[in-house]
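# Chains, contacts and geometry: an overview
Listed below are the residues making up each chain.
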Amino acid sequence: MEAMETILSRRSVRSYLPRPVPREAIRKLLEGAMSAPSAGNQQPWHFLVIDDRKILDAMPSVHPYSQMLREAPLAILICGDLELEKHKGFWVQDCSAAAQNLLLAAHAQNLGAVWLGVYPREDRVTGFQKMFGLPRNLVPFCIVSIGYPAEKIPRAHRYNASRVYHNEFARGWEGDHSG
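Note that the structure is a prediction, hence the values are computed from the model and not measured. (Residues numbered from 1 in each chain as written. Predicted model: local features only at pLDDT ≥ 70, side-chain atom pairs only at ≥ 80, totals over all residues. Heavy atoms only, no water.)

## Regarding the side chain of Glu85
Heads up, the condition is: Each helix is a run of DSSP H or I of at least 4 residues and each strand a run of E of at least 2, with the numbering of both proceeding from the N terminus. Exposure categories follow from relative accessible area, calculated using a 1.4 Å probe and restricted to protein chains: below 20% of the type maximum is buried, above 50% is exposed, and the middle band is partly exposed. In this tally, Asp and Glu contribute negative charge and Lys and Arg positive charge; neither His nor the terminal groups of the chain are included. By definition, a salt bridge exists where a carboxyl oxygen of Asp or Glu is found within 4 Å of a side-chain nitrogen of Lys or Arg. The definition of a polar contact used here is a pair of N or O atoms within 3.5 Å, where within protein one atom must be able to donate a hydrogen and the other to accept one, and adjacent residues in sequence count solely through side-chain atom pairs. The contact criterion used is simple: two residues touch if any of their non-hydrogen atoms lie within 4.5 Å.
Position of Glu85 relative to the elements: it lies in the loop between β2 (74–81) and α4 (91–108). Lys88 provides the closest opposite charge to the buried, salt-bridge-free Glu85, at an N-O distance of 4.7 Å. At 2.5 Å, the side chain of Glu85 forms a polar contact with the backbone nitrogen of Gly89. Not counting residues within four places of it along the chain, the set of residues in contact with Glu85 comprises Gln42, Phe90 and Trp91.

## Digging into the pattern of salt bridges
If you walk through the whole model with that rule in mind, you get three salt bridges. Arg27 is the salt-bridge partner of Glu31, the closest N and O atoms lying 3.6 Å from each other. On the criterion of helical spacing, the pair formed by Glu31 and Arg27 is a turn pair, its members being four residues apart in helix α2 (residues 23–33). In this structure Glu31 comes out as partly exposed when scored by relative accessible area, which is 46%. Across the pair Asp57 and Arg53 runs a salt bridge, and its minimum N-O distance is 3.1 Å.

## Concerning the packing of aromatic side chains
How we decide: Aromatic pairing here means that ring centres of Phe, Tyr or Trp (its six-membered ring) are within 6.5 Å. Orientation follows from the plane angle: under 30 degrees is stacked, over 60 is edge-to-face, and everything else is tilted.
In this structure the tally under the stated criterion is six aromatic pairs. Taken together, a centroid distance of 6.4 Å and an interplanar angle of 50° make the contact between Trp45 and Phe47 tilted. Both residues of the pair, Trp45 and Phe47, count as buried. Ring centres of Trp91 and Tyr119 lie 4.8 Å apart, and the angle between their planes is 65°; on these two criteria the pair is classed as edge-to-face.

## Quick look at the sheet that holds β2
This is how it is decided: Following DSSP output, two strands are said to pair if at least two bridges run between them. Between N-to-C directions, angles cover 0 to 180 degrees, with each direction set by a line fitted to C-alpha atoms, over the stretch in contact for helices.
Across the sheet, four strands lie side by side as β1-β2-β4-β3; this open sheet has antiparallel pairing. Every interior strand has two partners, whereas the edge strands, β1 (45–50) and β3 (112–117), have only one. Taking the axes of each pair of neighbouring strands and ignoring which way they run, one obtains an average angle of 25° across the sheet. Packed on one face of the sheet, α2 meets β1, β2 and β4 (138–147) and runs near 160° to β1.

## Let's talk about the environment of Ile143
By secondary structure assignment, the location of Ile143 is in strand β4. For Ile143, a relative accessible area of 0% gives the class buried. Separated by 79 residues in sequence, Ile143 and Pro64 have C-alpha atoms that sit 12 Å apart. Ile143 has contacts with Met59, His63, Leu69, Ala75, Ile76, Leu77, Val114, Trp115, Leu116, Val118 and Phe128, leaving out every residue within four places of it along the chain.

## Regarding α4
Counted only if it meets this: By this rule the span expected of a helix is its residue count minus one, scaled by 1.5 Å.
Its 18 residues place the ends of α4 25 Å apart at the C-alpha level, agreeing with the 26 Å of an ideal helix rising 1.5 Å per residue. Looking only at α4, the buried set comprises Trp91, Asp94, Cys95, Ala97, Ala98, Ala99, Leu102, Leu103, Leu104, Ala105, Ala106 and His107. Looking at the buried side of α4, the elements it contacts are α1 (3–9), α2, β1, β2, β3 and β4. A positive backbone phi angle near 60° is found at Asn110, which sits one or two residues after α4.

All we've got here are geometric facts, nothing functional implied.
Listed below in structure tokens is the structure:
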């Protein structure tokens, strides 16, 4: 899939076919996620691949908006490692970039995925730290639910010219470009 088409046609998929995701596809997802930019190239992330049905079924007890995990064949928990931080506080942006890359890599492989926020909700953070036995330095950032889509979601047109400005806030991008 061409890069711009991948970006523009990616949608959040919450319904999956009962079909496992091959190991090689998972490796490509992780390779894509780990190719994300990070502040100072710190790469402060860890990825927990979850495909155990009992664990996937239990995860909604910690995250109330993750019911789709009960039918997803795969989830990846992205965690920020506070000990790998070179630039304090940037782990959130770094893990966000990794999550977006993961979503795009899934779509490029004809998989469906949805980003489920964990951080900064303390109950979710501590719940997943406990569930997965994470050390204190690993902060669960988000879960990406992944599988073969059981639904076809049409492309959304989200470009909004009223939110784009040119050289100063009061000047719209779509208007005069003469300088």
